[in-house]
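Coordinates in review
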Amino acid sequence: MFAQLVSTYHLHPIVDHFTIALLTFGIAAEILSAAAILLSRGRGGFLSAWGYKLRSTSLLLMIGGAAASVMSYLTGDAEADRLWDTMSPAAQQILASSNGPHDYLSHAVLGQYLMYAFLILAAWRVMLELSSRLARTRIVFLAVAIVAAGALLYQGKTGGQLVYEHGVGAPRATVSSSSRGAIAADVSRRE
């Protein structure tokens, strides 16, 4: 039933776009918050207040993004199962490479690692909010979150390769030879 819903409504790309947006903006808000609070040097005022509001925004975006990452993984797994037999060997290599030490760079494996990473980062971010003793780990949190965001953007790149370079999940269009001639004539007229 779940796989049918994913396939019918093309849920994987929809959920992925939310995941990327929520997490990227959540991390960006956390970075801007840290900068604003650092620049305000503990004084009150607009910059300090803005920094703390961004911190709250980051918390919500990270929690929502982590939840979305679970759905990205689940919908991606369902789509991979459905489409595996229709993929070219090159697309299969991107989705689930078997290059030994670089397996973690495959789209499927990295997707699972990123889901766990963002769940941990969201939990860490909640703990930063609840415990003043963990405040000194905020800079480490930011560094790890930036690396995870880079991996998330790489994940988006490999997803784009699967769709736009290898046609994974796209319906196969058939064009008759007479249509090809008409299309070519139309293109050459426009040039």
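Computed from a prediction, not measured in an experiment: that's the story for all the values here.

Summarising the element assignment, Arg125 is placed in helix 5 (residues 107-130). Residue Arg125 is classed as buried on the basis of its relative accessible area of 0%. Polar side-chain contacts of Arg125 include one of 2.9 Å to the side chain of Glu129. If sequence neighbours within four positions are ignored, Arg125 has contacts with Glu30, Arg55, Ser56, Ser58, Leu59, Met62, Arg138 and Phe141.

Below, the discussion takes up helix 6 (residues 138-165). Spanning 28 residues, helix 6 covers 39 Å between terminal C-alpha atoms, matching the ideal 40 Å at 1.5 Å per step. Taken as a whole, helix 6 has its buried residues at Arg138, Phe141, Leu142, Ala145, Ala148, Ala149, Leu152, Gln155, Thr158, Gly159, Gln161 and Leu162. Along its buried surface, helix 6 packs onto helix 2 (11-40), helix 3 (46-83), helix 4 (89-95) and helix 5. Positive phi shows up at Gly167, right after helix 6, with a value of about 70°.

Reading the values: rules and limits
- Residues numbered from 1 in each chain as written.
- Predicted model: local features only at pLDDT ≥ 70, side-chain atom pairs only at ≥ 80, totals over all residues.
- Heavy atoms only, no water.
- Helix = DSSP H or I, 4+ residues; strand = E, 2+ residues; numbered from the N terminus.
- Buried < 20%, exposed > 50% of the residue type's maximum accessible area, 1.4 Å probe, protein only.
- Polar contact = N/O pair within 3.5 Å; in protein donor to acceptor, adjacent residues only side chain to side chain.
- Contact = heavy atoms within 4.5 Å.
- Expected span 1.5 Å × (residues − 1).

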